[in-house]
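An overview of the molecular structure
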Amino acid sequence: EDQVTQSPEALRLQEGESSSLNCSYTVSGLRGLFWYRQDPGKGPEFLFTLYSAGEEKEKERLKATLTKKESFLHITAPKPEDSATYLCAVRPSNAGNNRKLIWGLGTSLAVNP
Amino acid sequence: DAGVTQSPTHLIKTRGQQVTLRCSPKSGHDTVSWYQQALGQGPQFIFQYYEEEERQRGNFPDRFSGHQFPNYSSELNVNALLLGDSALYLCASSAERASGVVYTQYFGPGTRLTVL
């Protein structure tokens, strides 16, 4: 069964304290892995798409990496405005299931000033 | 360039009623997907519409139905509402016409449905 697991469930950091969020996945063929940020009561905001193992993408203080079994979202010197829930989703490649995103439960990040 | 828009923002209904939620995709996108997100959970895929047809469906009962219009906008209809249907309903749009590339889904702000 296709599955996405994110860890930790919650993370509290001090401003400037770098850390990493993990997304491990089990899927029958990967068409893409996606990272989103979600603020309370709002829709997910797109961050990155990764397609193949070894790929890396960066945006401001965020860097996403991908292996064959997991992805990491590295946050360097976070600021309070980075506080949000970070969601990971995968898109399987098997026919009949390849249009949807399968989501993890997210990591709730709080950055204290 | 307007992103994905959804209406209404909030909705309160009672059990047994019917509801219609609306979504306008991002400019240039031709595909709309609908998701249900319960509090503290990741979004759950309901279905996807492309060329005015339902292309794929998640594990949701037939009470959940949809429609896509020629301008690519979409509606989600839920009949015989249950308390458990209370959730944030998310619409995502993407450009799926081209083959060989997995296009990113961009989300709207969501509609918060409360069933009393």
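My aim in this report is to walk through the structure given alongside it, one point at a time. Counting restarts for each chain, with residues numbered from 1 along the sequence as it is written. To label them, take the chains in the order written and letter them from A, then take the ligands in the order written and number them from 1. Where local features are concerned, this predicted model is filtered to residues with pLDDT of at least 70; where side-chain atom pairs are given and counted, the filter is 80 or more; whole-chain, interface and lining totals use all residues. The side-chain values count all of the structure's non-hydrogen atoms but skip hydrogen atoms and water molecules.

With respect to the interface of chain B and chain A
- Chain B puts 23 residues into the contact, and the matching count from chain A is 22 residues.
- Within this document, salt bridges are pairs made up of a side-chain nitrogen of Lys or Arg and a carboxyl oxygen of Asp or Glu, the two lying within 4 Å of each other. Run the count over chain B and chain A and you get 0 salt bridges.
- Throughout this description, a polar contact denotes any pair of N or O atoms lying within 3.5 Å of each other; where both atoms belong to protein, one of them has to be capable of donating a hydrogen while the other can accept it, and for residues adjacent in sequence the pair is counted only when both atoms sit in side chains. Taken together, the connections running from chain B to chain A amount to 5 residue pairs in polar contact (both at pLDDT 80 or more).
- Gly falls in the polar group here, along with every residue not listed as nonpolar (Ala, Val, Leu, Ile, Met, Phe, Trp, Tyr, Cys, Pro) or charged (Asp, Glu, Lys, Arg). A class-by-class count of the residues in the side of chain B that touches chain A yields 11 nonpolar, 9 polar and 3 charged. Should any heavy atoms of two residues lie within 4.5 Å, those residues are considered in contact.

Quick notes on the pairing of strand β9 (residues 87–94) of chain B
All names here are of chain B.
- A simple rule labels every residue: compare its accessible area, found with a 1.4 Å probe on the protein chains alone, to the largest value its type can have, and call it buried under 20%, exposed over 50%, or partly exposed in between. Numbering of helices and strands starts at the N terminus; helices are DSSP runs of H or I of at least 4 residues and strands are runs of E of at least 2. Counted residue by residue, β9 has 8 buried out of 8 residues, so it is predominantly covered.
- Neither face of β9 is exposed, since Ala87, Tyr89, Cys91 and Ser93 on one face and Leu88, Leu90, Ala92 and Ser94 on the opposite face are all buried.
- Here, a strand pair is defined by DSSP locating no fewer than two bridges between the strands. The sheet contact formed by strand β4 (residues 31–37) and β9 spans 7 bridges and is antiparallel. What sits directly across from Gln36, in β9, is Tyr89.
- Taken together, the 3 bridges between β9 and strand β11 (residues 111–115) define a ladder with antiparallel strand orientation.

Here's the deal with the packing of aromatic side chains
- Planes of paired rings set the category: under 30 degrees apart is stacked, over 60 is edge-to-face and the rest tilted, where pairs are Phe, Tyr or Trp rings (Trp by its six-membered ring) whose centres lie within 6.5 Å. Overall, the coordinates contain 10 aromatic pairs over all chains when judged by the stated rule.
- Ring geometry for Tyr36(A) and Phe46(A): centres 5.9 Å apart, planes at 70 degrees, overall edge-to-face. Placement of Tyr36(A) in strand β4 (residues 30–38) and of Phe46(A) in strand β5 (residues 45–50) is noted, with a sequence separation of 10 residues between them.
- Here Phe47(B) and Tyr49(B) contribute two aromatic rings whose centre-to-centre distance is 5.3 Å and whose plane-to-plane angle is 85 degrees, an arrangement assigned as edge-to-face.
- Aromatic rings pair up to connect Tyr36(A), Phe46(A), Trp103(A), Tyr35(B), Phe45(B), Tyr106(B) and Phe107(B) into one cluster.
- Sitting over a ring, as applied to charges here, requires NZ of Lys or CZ of Arg to be within 6 Å of the ring centre and within 35 degrees of the ring normal. Taking the ring centre of Tyr106(B) as reference, the NZ or CZ of Lys26(B) above it sits at 5.4 Å.

Examining the pattern of salt bridges
All names here are of chain A.
- This structure, assessed with the given rule, holds 7 salt bridges over all chains.
- One salt bridge connects Arg37 with Asp39, and the closest N-O pair in it is separated by 3.2 Å.
- Residue class for Arg37 comes out buried when judged on its relative accessible area of 14%.
- Take Asp39: its relative accessible area is 23%, and that puts it in the partly exposed class.
- We note a salt bridge from Glu55 to Lys57, for which the minimum N-O separation is 3.6 Å.
- Residue class for Glu55 comes out buried when judged on its relative accessible area of 19%.

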